[in-house]
Amino acid sequence: MRGLTRFFPVLMWSVSILCPVLLKAQNSDAPKNVSNTYFLKNCTLVSQPGVINRGHSVIIRDGLIAETGPGVRQPFDAQVISCDSLYVYAGFIDPYSNTGITKPENKERPKAKDPGNPPSDVAGIMPDLNAATLFNPSDKSVEEMRSAGFGISHTLPHGLMLPGQSSIFLLGDGPADRMLVRTASAQNFQFEVSRGVYPSTIIGVMAKFRDLFKNASQGLAYEEKYKINPAGLPRPDQSRETKALYPVVSKSVPLYFLAQHTKDVHRAFAMKEELGFDMVLAEVRQGWHYADKIKAQNITTLLSLNIPEPEKKDSTAKTTDVSKEKESFEKKREESRQNYLTQASLFEKKGIRFAFSYKNVKTGDIHKNIRTLIKNGLSESYALAALTTHPATILGISSMAGTVEKGKIANLVITDKPIFDEKSRIKHVFVEGKKYDMASQSKKPEVTKEKADPISGTWSYTVETPETPQKGKIIISKSGEIYKVTVKDETNSATDYEGVDVSGKEKNKLSFYINTSLDGNVKVDFSLSFEDKLFTGSVNAGHLGSYEIKGEKVAKPEN
Amino acid sequence: MIRNSKAKNLLLLICLPALAAAQDLLIKNASVLTVTKGNCQNCDILVTGGKIAEVGKGLRQPANVRVIDATGLYVMPGIIDAHSHIGIDVVNEGTNPVTAEVNVGDALNPLDVSIYRALAGGVTTSHAMHGSANAIGGQCQTIKHRYGTTNPDDLKMAGAPRTIKFALGENPIRTHGESNKIWPATRMGVEQVFRNAFSEARIYMKEWEDHKKGIRKSPPAYSLRMETLADILNGKILIHCHSYRADEILMLMNVLRDFGINKVCFQHVNEGFKVAPELAAFGATASVFADWWAYKFEVYYSTAYNAAILTRNGVVTSINSDSGELIRHLYHEAAKTQRYGDLTDEEALALITINPAIQLGIDKMVGSVEKGKDADLAIFKGHPLSVYAIPQMTIVDGIVRFDIKSDPDDVRVDVNPTEKYSTYFESLEDLDHNACMRGVSELLMQESHAQYLRYRYSKQHQH
C-alpha cells in the first residue's frame, strides 16, 4: 500500500499526459449517429475487380449501398466525403483466420493420468466448439483487420486437430451477436498435435479423424433410422464430438484443411479421397505441385499470405569469403523462394479461383506481401478478386458482399492511391455503413516496434533439477538488432551473470550461455523459446546435466 | 528475370529422375549375382517396362534401349532393408501401449534425402517402420526408393502386404510403465497387453457379426484400432516384432499360437540364436543386426554369429539397418556373416535381398534377378561382399535413380526457402543411434534431446 501511494502522483501525472491522446482518438470517431447516410462524392470507384469507374458517387444508407453511379444526387441528410482524389473498393473478405478469437493463455496442463485417453479439450478434439460463441469484437485483431480494409472475417477457434467450427462475422465494433453473419459455416481440421497425449503425431491425428468420421457416418445413418421408428432400438449415441461432424458427413458444411506444406496438401487429398467430404484447402504455402489436381477436382483453395522473406544479408560478414558450396546452396534456396512467390500467379494462369487466407500472416504484412506476389506475376485484378469476389463466392455471401453494388452491404475501403500502389494508404473503412477513419500512420512504427520484440523485458525462471528448483530472473534488452541478457541467480549465490554469445536470430527464440562460478566454473547453455508471456526451453550445464527451464514475464520490471 | 529463374527450375526438375519414364535398358556383360538362380558370368540383363525381361548371355540388343556396359562389374538384386525409418515424418505415436490404428504410410516423406543415401548403397526397397515405444505400435509401409518425386504415394510399393510393428521388453515398459505409470510396467505386462488387445478385438468382431446378423440392433461404435487388430487376427497384416530376449520371443510365439496367428518376423532378435530351432518350427523369420548390441541392458547377451546360426537352423533371416547411416552399407553388414559363421556368398547376399523380401511378403516381385521381377538392380565395382565394393548404379523399376558418375552435391528435392544451413544439419536428428525410439524422447522429456542437439550443432556451425 505504501508503495502504491508513493507512486500515485506519478500515475496521476502520466494520465494527464496521456489524456489528450485518448481524447484525440475519441475525436476521430466523433460524428456518431448524426446521420447514417453517407455520400461519397465523385470517386474513382472500383466496383469489382477490373471495373474502374471515374467520377462515380456512392450513397450509403442504413448499412447498405443505396445507390452508385455517375449522376447520383447528393441526399439532403448525408454526410459528404469528397472523393475526388480517392479510390473506393469493396470491403475485403477474409475467408480463414482467427480474427476476433482471443488466443487462450498458455496454461500449464496437468499431466494426463492416461496419455492414451486424454479429455477432448486436451487432445484438441473440439468439433462442437463454435467461433460464434468465442468471437470478441473488442479483440485487437478485429480492429487490425478492419484497418487493413477487411469488413468480413470467416473466423475459426484456436486449437489443435479439430479446433472447432468457423463462423462469419462483420468486423464492426457492435456486440458479437449483431456482427454475426452466419454461424457454424464450416468445420476445421489441422495437422496440429497435442503434446504428450494421444494423438501426439500426425499419424495419430489422421487415424483419430478416420475413427471420428466413420463413427459420425454410422451415427448419422442410425439416427435417421431411429427417427423413422425408434421402437425396439437403443438410443443413438449422443457424443458431442461425433454429432458435430454430422454436417461434414452429410456435406452440408465443408471441412477446411489447414494445409501449408506440400505434404499437408497431399495428406488432405488422401483423407478426402478416402472419406469423402467437401474440402477447402486453407493457408496453402506450397501447393504448386497440386495445382492441376486442384483445378481438375475444383477444390476451393486459399493461398497463404505468409510468404518467405529473403534472408537479411549480414552486412558485417565478409562478402569475399563465400565458398562455391555456399553459393550454390544460396542459389538453390532463392530458386525455391521463387516457387513460393510465383504460386499465386501460377494458380491465376491455371484459372483457379483462389482467395487469400490470413491465419499465419501478420496483419501489417498483408498488403506488402500482396504487392510482392504482384511483382512476381499475379495480376492486380486477380489480387483484388482474391480479396473480394472470390472469398465472397467461397463463403456463399456474394449476393450481399464482395462488390460495390446497389443493395449490397456497405463494406468499403477508401484509399488515397490505387490499392496496390506502394504508397497507397487506407483513409476510411466502412463496415455495414459505419465509417472508421484510419489514424495517421506516424504513430504506427512505435506500436509495431514494441510488438516486433516480445522477448525484451524481465522474466522470472524456474529450472526443475532433481535437487532444489533453481529460480531467478532473466533480464533481456535490445538495442538495434543486438540482445543483451543478464541472468540473476536467486537460489545459490544471488549473482548476476552476463549472457554471452546471445543469438536471437530466430523469431521468439533466444540462445546464449553464461559462465557460472558453480562447481568448477561450469558453462551453462540456455535455449529459450518465447510465446506471449511465457517461455520454455532447456539449459545445459555440462556434467551437471541438462534440464527444462520455464518462466514468465514479470509485469513491472524491478528497479 | 522471373521467366529466367522459372526456366532454371524447370531444368532442375528435368534433371531429377522422378519424371523420367522407365526407359528400356540392356545391361551388358556383367557378373550377375541372381541370388536365387546362381551366378552368371558375362551375362546381359534386358529390362523392359520396368521389369526384368531376360537374363542371359549375348542377348540381342533391341532398338531404343539404353545400353549400360557392365564389363567387370557385378549386378545384384536391389538391396532390401526389412527395418528402417527413412522416408517418414513420424516414427512413434508413443502415447498408448496399443496404437494399431496409426500408419506411418500416412506420414511418408518423399523429400527425405536419406532415400538418396540409401540408393547410393544399392538399397531399392525398405520397410519404413513405426517405432518400438508401444507393445502394439503402428502399421508400417514398404517403400520403393523412387527418389526425386514429391508425391508421397509414389514411394508406396504396390502389392506389398500390410505390416505392423510390435515391441517387447524395455522400450514399451520404459515409455508407459516407467514414465506414465500405466501398464506395461513389466515384461509380464507386455504379454498381457497383447492378450487383452486380441481378446478385445475378438469381442469387437463378434459384436459386428451380431449386428450384421440382426441380433444386435444398433451398430457397435466403430474403432479403427479394433478393426486393425481384427485384420491381424484374420491374417491380413504381417507382424514385425521388436525383440531381444529369448524368453520374450518364446512368449510372443505362444501368444500368437493361442490366437491362431502364424506369421511373424522378429526384429533385432539378438538372442534368436538361443531359440533358433523354436523359431524355425513356428515358421517365424528373423531380421537382425550383423554385430550391434550392448546399447542397453536387455541387449547384452548377443553374438555376431546370430545370423549364421539362425540361417543354419532354417530360419529365414535378414540383416537390417534401423539407421539412415547403416542402410548405406548393408552389403558390408551381410559380408560380416562370412567372417562370423562362414556363410556362402549366396547365403550372405540372401540376407539383404530375397530373405527380407520374404519377410515383407514381396518375394514374388523383388529380391532376386529373375525374369518377370521388378527391375530393381544394384551395380557394384568389386564383389558386393568384398570390403572394396563400391556401388556404381542403382536402378528402381528400370529407372536409374543413382549413378555414381552423375552424383550431385546437393540432391534435395525440396529446398526450404529460408533454410540457413545445408542438408547435413537437417539430418542431425538421426544421430541418436536408437532410431526406433525416435519421437519418444519428446514425450518423455518435453524438450527433446534432438532439438538440443540441433541447437548445439547450429552453434558450432556459426563459429
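Here the structure is a predicted model, which is why all the values come from computation and not from measurement.

Digging into the overall build of chain B
Point 1. Across its full length, chain B carries 14 helices and 16 strands.
Point 2. Within chain B, contacts between residues at least 6 apart in sequence are counted, and of these 70% link residues at least 24 apart.

Some thoughts on the sheet that holds strand β11 (residues 264-268) of chain B
Residues and elements named next belong to chain B.
Point 1. A sheet is described by the order of its strands in space; here eight strands give the open sequence β6-β7-β8-β9-β10-β11-β12-β13, paired in mixed fashion. A single partner strand is all that each edge strand has here, and the edge strands are β6 (79-84) and β13 (317-319). Each adjacent strand pair in this sheet contributes to an overall mean axis angle of 25°, direction not counted.
Point 2. Alignment of strand β9 (residues 162-167) against strand β10 (residues 237-243), held across six bridges, turns out to be parallel. Within the sheet, the bridge partner assigned to Ala167 lies in β10 and is His242.
Point 3. Against the sheet, helix α6 (residues 246-258) contacts β10 and β11, and its axis sits at roughly 155° relative to β10.

So, α6(B)
All names here are of chain B.
Point 1. End to end, α6 covers 19 Å across 13 residues, agreeing with the expected 18 Å (1.5 Å per residue, within 8%).
Point 2. Those residues of α6 that fall on the buried side of the exposure criterion are Glu248, Ile249, Leu252, Met253 and Leu256. Projected down its long axis, α6 shows its buried positions confined to an angular sector of 140°, all on one face. Of the exposed residues in α6, the ones pointing more than 90 degrees away from its buried face are Asp247, Asn254, Arg257 and Asp258.
Point 3. The inward-facing, buried residues of α6 contact α4 (187-213), β10, β11 and α7 (276-282).
Point 4. At the C-terminal side of α6, Gly260 shows a positive phi close to 70°.

Side note on the nonpolar core
Point 1. A:Val88, A:Phe257, A:Leu281, A:Leu302, B:Ile45, B:Val75 and B:Ala334 are the most contacted members of the largest nonpolar core, which totals 239 residues.
Point 2. Among the nonpolar cores identified, the runner-up in size contains 20 residues, and A:Tyr497, A:Tyr513, A:Ile514 and A:Val524 belong to it.

With respect to the domain arrangement of chain A
Point 1. The domain boundaries assigned to chain A delineate domain 1 (17-91 + 402-448), domain 2 (98-109 + 116-309 + 329-401) and domain 3 (453-553).
Point 2. Here the C-alpha centroids of domain 2 of chain A and domain 3 of chain A sit 37 Å apart.

So, the sheet that holds strand β17 (residues 457-463) of chain A
Residues and elements named next belong to chain A.
Point 1. Taking strand neighbours across the sheet as the criterion, the nine strands line up as β20-β19-β18-β17-β25-β24-β23-β22-β21 in an open arrangement whose pairing is antiparallel. Both edges of this open sheet fall to β20 (496-498) and β21 (500-503), since each of them pairs with a single strand only. On average, each strand axis in the sheet is tilted by 25° relative to the strand beside it, whichever way the strands run.
Point 2. Across seven bridges, strand β24 (residues 534-540) lies against strand β25 (residues 546-553) in antiparallel orientation. Opposite Asn540, over in β25, you have Ser546 as the bridge partner.

Some details on the environment of A:Tyr547
Residues and elements named next belong to chain A.
Point 1. Within the secondary structure layout, Tyr547 lies in strand β25.
Point 2. According to the C-beta neighbour criterion, Tyr547 is partly exposed, with 19 such atoms within 10 Å.
Point 3. Considered as a pair, Tyr547 and Val463 are 84 residues apart in the sequence and their alpha carbons are 6.7 Å apart.
Point 4. Among residues more than four places away in sequence, those in contact with Tyr547 are Val463, Glu464, Thr465, Ser538 and Val539.

A word on the interface of chain A and chain B
Many analyses report the size of an interface as the accessible area lost when the parts associate.
Point 1. Counting from both sides, the interface comprises 53 residues of chain A and, opposite them, 42 residues of chain B.
Point 2. Contributing elements (two or more residues each) for the side of chain A that touches chain B: α6 (202-228), α9 (262-275), α11 (324-350), β24 and β25 of chain A.
Point 3. Counting residues per element, the side of chain A that touches chain B draws most heavily on α11(A), at twelve residues.
Point 4. Among the residues forming the side of chain A that touches chain B, the class breakdown is 14 nonpolar, 25 polar and 14 charged.

Brief notes about the environment of A:Gln218
Point 1. Within the secondary structure layout, A:Gln218 lies in helix α6.
Point 2. In this structure the C-alpha to C-alpha distance between A:Gln218 and A:Thr300, which are 82 residues apart in sequence, comes to 27 Å.

Details of the packing of α6(A) against α9(A)
Two numbers describe a pair of packed helices, the interaxial angle and the distance between the axes.
All names here are of chain A.
Point 1. Running from N to C, α6 and α9 point in directions that differ by 25°, and their axes come no closer than 12 Å. In terms of their interaxial angle, α6 and α9 are classed as roughly parallel. Note on packing geometry: the crossing formed by α6 with α9 is right-handed. The segment α6 lies against α9, with Met206, Phe209, Arg210 and Phe213 engaging Arg267, Met271 and Leu275.
Point 2. Grouping the amino acids of the contact of α6 with α9 by side-chain chemistry returns five nonpolar, no polar and two charged.

Some remarks on unusual backbone geometry
Point 1. Cis peptide bonds are those with omega within 30 degrees of zero, and the linkage from A:Tyr198 to A:Pro199 qualifies with -5°.
Point 2. In this structure, B:Pro184 follows B:Trp183 across a cis peptide bond, with omega equal to 10°.
Point 3. One non-glycine residue, A:Asn42, lies in the positive phi region at around 60°.
Point 4. Looking at the secondary structure, you find A:Asn42 in strand β1 (residues 37-48).
Point 5. One non-glycine residue with positive phi stands out, namely B:Asp322, at about 55°.
Point 6. Position of B:Asp322 relative to the elements: it lies in the loop between β13 and α9 (330-339).

Criteria and thresholds
- Sequence order as written defines the numbering, with residues in each chain counted from 1.
- Just so you know, chain letters begin at A and ligand numbers begin at 1, following the order they were written in.
- Thresholds applied to this predicted model are a pLDDT of at least 70 for local features of residues and 80 or more for the giving and counting of side-chain atom pairs; totals over whole chains, interfaces and linings are not thresholded and use all residues.
- Secondary structure follows DSSP: runs of H or I at least 4 residues long count as helices, runs of E at least 2 residues long count as strands, and numbering of each begins at the N terminus.
- A residue pair is marked as a contact if its C-beta atoms, positioned from the backbone, fall within 7 Å.
- Here, any two strands with at least 2 DSSP bridges between them count as paired.
- Angular values range over 0 to 180 degrees, each being the angle between N-to-C directions of two axes fitted as lines to C-alpha atoms, with helices fitted over their stretch in contact.
- Any helix carries an expected span of 1.5 Å times its number of residues minus one.
- Partly exposed residues are those whose C-beta has more than 12 but fewer than 20 other C-beta atoms within 10 Å; 20 or more makes a residue buried and 12 or fewer makes it exposed, with C-beta atoms placed from the backbone.
- What the arc describes is the spread of directions from the helix axis to the C-beta atoms.
- Nonpolar core, as used here: buried Ala, Val, Leu, Ile, Met, Phe, Trp, Tyr and Cys residues forming one set through C-beta atoms within 7 Å.
- These domain boundaries are the output of an automatic or database domain assignment.
- When residues are sorted by character, Ala, Val, Leu, Ile, Met, Phe, Trp, Tyr, Cys and Pro go into the nonpolar class, Asp, Glu, Lys and Arg into the charged class, and all the rest, Gly among them, into the polar class.
- Our angle categories are set so that under 35 degrees counts as roughly parallel, over 145 as roughly antiparallel, 65 to 115 as roughly perpendicular, and the remainder as oblique.
- With the far helix as reference, a near helix turned anticlockwise by less than a right angle produces a left-handed crossing, and one turned clockwise produces a right-handed crossing.

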